[in-house]
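Listed here are the chains, written in short residue letters.
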Amino acid sequence: MTSETDPHPLPAPRPDFLLGAALLAVAGLYVRALMFTPIEARQGAAQKILYVHATSAIVGLYIAFGLMAIASILYLWLKDEKLDRVAESSAEVGLCYMTVVLGTGPLWGKTIWGAWWTWDARLTSTLFLWFIIVAYLLLRGAVEEPGRRARYAAVLGILASLLVPFIHLSVYLFRTLHPMPIVLKPSAPSMPAEMQRTFFFGLLAFILLFAALLRARYRMATLRDLAAHREQEHG
Amino acid sequence: MTSTPVLRADGLVRSFGGRRAVDGVSFTLGAGECLALFGPNGAGKTTLLRLVAGLLAPGQGSVHVNGVSLKAGAEARAQVGLVSHASMLYGALTALENVELSARLHGLPKPSEAARSALALMGVDDRADTLARTLSRGLQQRVSIARAMVHAPRLLLCDEPYTGLDVAGSAALTEVLSERREAGAALLLVTHNITEGLALATQAAIMRRGRFVRHETRELLDPGSYHSEYRELAGLP
Amino acid sequence: MKELRISKAPGTLAASWIIARKDLAIEFRTRTAFLSALVFALLGVTIFYFAWDATAVAAADLAPGVLWVIFTFAGLLGLQRSFGSELADRAIDGLLGAPISRESIYLGKALANLVFVSGILAVTIPAVVLFYNLPLGAGIGALAGIAALAAVGLVAVGTLFSAMAVNTRMAELLLPMLSLPFFVPIVMAAAQSSARLMAGRPIAEAWPWLRILVAFDIVFVTACTLAFPYTLDE
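Along each chain, residues carry numbers from 1 onward, in the same order as the chain's sequence is written. Starting at A for chains and at 1 for ligands, labels are handed out in the order in which the entities are written. Where local features are concerned, this predicted model is filtered to residues with pLDDT of at least 70; where side-chain atom pairs are given and counted, the filter is 80 or more; whole-chain, interface and lining totals use all residues.

Q: Can you walk me through the overall build of chain A in this structure?
A: When its secondary structure is counted, chain A shows six helices and zero strands. Under the DSSP-based scheme used, a helix requires at least four consecutive residues in state H or I and a strand at least two consecutive residues in state E, with every element numbered from the N terminus. Helices and strands in chain A line up, N terminus first, as α-α-α-α-α-α. Two residues qualify as being in contact provided that their C-beta atoms, derived from the backbone, are within 7 Å of each other. Considering only contacts within chain A whose residues lie at least 6 apart along the sequence, 79% involve residues at least 24 apart.

See the structure below:
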């Protein structure tokens, strides 16, 4: 290779301060939740899993999935491959969060009322969305040509976001018509102030973590695409 | 009297990934003209053809067929016929059904009759009711050509159409193409066979790395030296 | 063919019809895919019967669930072959080069798939009625209606995904993976509403589920028709 000024110099590796801050925040959440937040009367200490479970659900289902859907629509409109990378990264990081939700759900359920899985509406919806994101990532893996891959993924992303309300509706309708074990609502409103504060702190910590992971994943995708471009030009 | 050219390509650019397959191509074809396009593999000839056929959208530039931009909608493709080295046939349908389908998709009032006469012109009407997948490669090519011409297109795009044709088939093709030209159609002929290409051409161009490195009218070039000039320009040994 | 004819190109609906007829002509000439999917459906329905304790659960109660689950898998078999014939010799270039809208290609294929799936249902539903001893009554008419709605949803989504899957290395695996999450609301709504209607419950009970089916069909037929051009390499 002739030596020439590199039009795309690789950035010098720097410590990821955002990620560090996010991890500190998550650690802080654990400390706060375990040491400084009161124990819930009915469920006992196991209730504290809520601070991870519900917050991950919010980040994974609404923020990650929503970002993926918006990036998909924008990609089909603007054709900017950066948007495709955002969608890809958001889907992957979102999948991690959803996995956490699906992992903590049964743990909580088993501890509280002795059943691993109760087909709770939200948990079931999360399960289906998990499958959809897996399908999304598999589709990306199966298409080799980058332009086509981005287009296909964007189409699936948009259709998936149209599917979400139908999944919610169907599961909710199923549950209201079928008596099922009463699930203690894993959401904020009925919590005393102390717990609410921990909850929101947790939410912020996980959002911060999401942003950090998203950025790292996005950078990885950018480098990967850069390498692929170079290979195409010189290969 | 200036009439609208059958085909006008302006500044066509098309990339795949980082690579420019077509890198700024412009040319015009009037009625009765034929552009023979030569070039080594990978020069971008097929991509250019697909751009002109409306199968690919250009990254930059435009294509106008009979004055109508291809971007304007599906109607603009009505006057285009495409022959490529893939047969574009449905193996499970008969030769007649394949050509009839094309006739119907172009809105011809009597699709069966048009299909039969198209097959007859290419000398395959006796195989009209044979399944396409049981036909030999050469016969499939003839059916494919009939399929491309059944709607009497004003612009014929041919990508290596002589591939797989025997002597009789080649003769039939050349006759049909000349007849189309005389009827006022324009041809864009991509071929490796310089002799065959020059026989029909009114213009000749050599494409390399997405660009026309040479483009002139037929009268100006000397067939004798063209072969060696082509090899040089195309970067062939 | 001597003169240059200017003819009026077919509109979207007419072109869809031409393409649907073409697909059905190909399908009926070979019949392999249809018969395979049909045998699969019938076998599946009968195998399921033996997977339950017939004394504990009445066969008639099992029937809706079995029917709709088998329906999705048999439907997938049919959808798999949807775009195969187009890629074999680049026949799709003939469709793309014709003066017809891109949407008509999708609609034509979806229509052909709908006929295919309806054909399977037309045999499978009577088979379920037979093997699971379903009471013949007004419920059967309702079942046909639900089947029509479910088939439309299945075909709308499945046709689009088969257009994408056919261009990948793992088409046979990818199509189910992509489609099944989308089939979930269809199966739930179809099974729940048909269970109620066949048990003679008033239609008001099945109505919420039917609404979901209808809404699904409207949303996804529209969305998939609009999305289809993006699956083409243009």
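Q: So what exactly am I meant to see when it comes to unusual backbone geometry here?
A: Apart from glycine, the bulk of residues carry a negative phi angle, and the bulk of peptide bonds sit in the trans form. Backbone geometry places Met88 of chain B, a non-glycine residue, at a positive phi of 60 degrees. Assignment of secondary structure puts Met88 of chain B in the loop between strand S6 (80-83) and helix H2 (95-105). In this structure, Arg90 of chain C is a non-glycine residue whose phi angle is positive, near 60 degrees. Following the sequence through the fold, Arg90 of chain C ends up in the loop between helix H4 (84-88) and helix H5 (91-97).

Q: So what exactly am I meant to see when it comes to the interface of chain C and chain B here?
A: Many analyses report the size of an interface as the accessible area lost when the parts associate. Facing the 30 residues of chain C at the interface are 39 residues of chain B. If you list the elements that add at least two residues to the side of chain C that touches chain B, you get helix H1 (12-30), H4 and H5 of chain C. If one sorts the elements of the side of chain C that touches chain B by residue count, H1 of chain C sits on top with seven residues. For the side of chain C that touches chain B, a count of residues per class yields 14 nonpolar, six polar and ten charged. Charged residues are taken to be Asp, Glu, Lys and Arg, nonpolar residues to be Ala, Val, Leu, Ile, Met, Phe, Trp, Tyr, Cys and Pro, and polar residues to be all remaining types, Gly included.

Q: When you look at the nonpolar core in this model, what are you seeing that I'm missing?
A: Note on soluble globular proteins: their nonpolar side chains tend to be buried together. Core membership is restricted to buried Ala, Val, Leu, Ile, Met, Phe, Trp, Tyr and Cys residues, and these are joined into a nonpolar core through C-beta atoms within 7 Å. Residue burial here comes from a neighbour count, namely the number of other C-beta atoms, placed from the backbone, that lie within 10 Å of the residue's own C-beta, with 20 or more meaning buried, 12 or fewer meaning exposed, and in between meaning partly exposed. In this structure, Leu119 and Ala146 of chain B are the most contacted members of the largest nonpolar core, which totals 221 residues. No other element matches helix H7 (residues 138-165) of chain C, which puts 15 residues into this core.

Q: Quick question: what am I supposed to make of the environment of Trp116 of chain A here?
A: All names here are of chain A. With respect to the secondary-structure elements, Trp116 resides in the loop between helix H3 (81-113) and helix H4 (121-142). Along the chain, Trp116 and Arg219 lie 103 residues apart, while their C-alpha atoms are 38 Å from each other. Apart from the residues within four sequence positions on either side, Trp116 is in contact with Pro106, Gly109 and Lys110.

Q: I tried to follow the pairing of strand S9 (residues 203-208) of chain B on my own but got confused; where do I start?
A: Side-chain positions along a regular strand alternate between the two faces of the sheet. All names here are of chain B. Most of S9 is tucked away: five of the six residues are buried. Criterion used throughout: strands pair if DSSP finds at least two bridges between them. Relative to S9, strand S3 (residues 34-38) is paired through four bridges, and the arrangement is parallel. Directly across from Leu35, in S9, lies its bridge partner Gln203. Taken together, the six bridges between S9 and strand S10 (residues 211-217) define a ladder with antiparallel strand orientation.

Q: It is not clear to me how the sheet that holds S3 of chain B should be interpreted in this structure. Could you clarify?
A: Pairing between the strands of a sheet comes from backbone hydrogen bonds, and it takes one of two forms, parallel or antiparallel. Residue and element names in this part refer to chain B. Strand order in this open sheet of six strands is S6-S7-S8-S3-S9-S10, and the pairing throughout is mixed. One side of each edge strand has no neighbouring strand; the edge strands of this open sheet are S6 and S10. Ignoring strand direction, the axes of neighbouring strands in this sheet form an average angle of 15 degrees. For strand S7 (residues 155-159) and strand S8 (residues 186-190), the ladder comprises five bridges, and the chain directions are parallel. Paired with Leu157 across the strands is Leu188, a residue of S8. Here an axis means a line fitted to C-alpha atoms, over the contact stretch when the element is a helix, while the angle between two N-to-C directions is reported on a 0 to 180 degree scale. Contacts from helix H7 (residues 223-233) reach S3, S9 and S10, with the element oriented near 25 degrees to S9.

Q: I tried to follow the pairing of S3 of chain B on my own but got confused; where do I start?
A: Residue and element names in this part refer to chain B. Counted residue by residue, S3 has five buried out of five residues, so it is predominantly covered. Because side chains alternate across S3, one face comprises the buried residues Cys34, Ala36 and Phe38, and the other comprises Leu35 and Leu37, equally buried. As judged from the four bridges shared by S3 and S8, these two strands associate in the parallel manner. Along S8, the bridge assignment pairs Ala36 with Leu189.

None of the figures reported here should be taken as evidence of function without further support.
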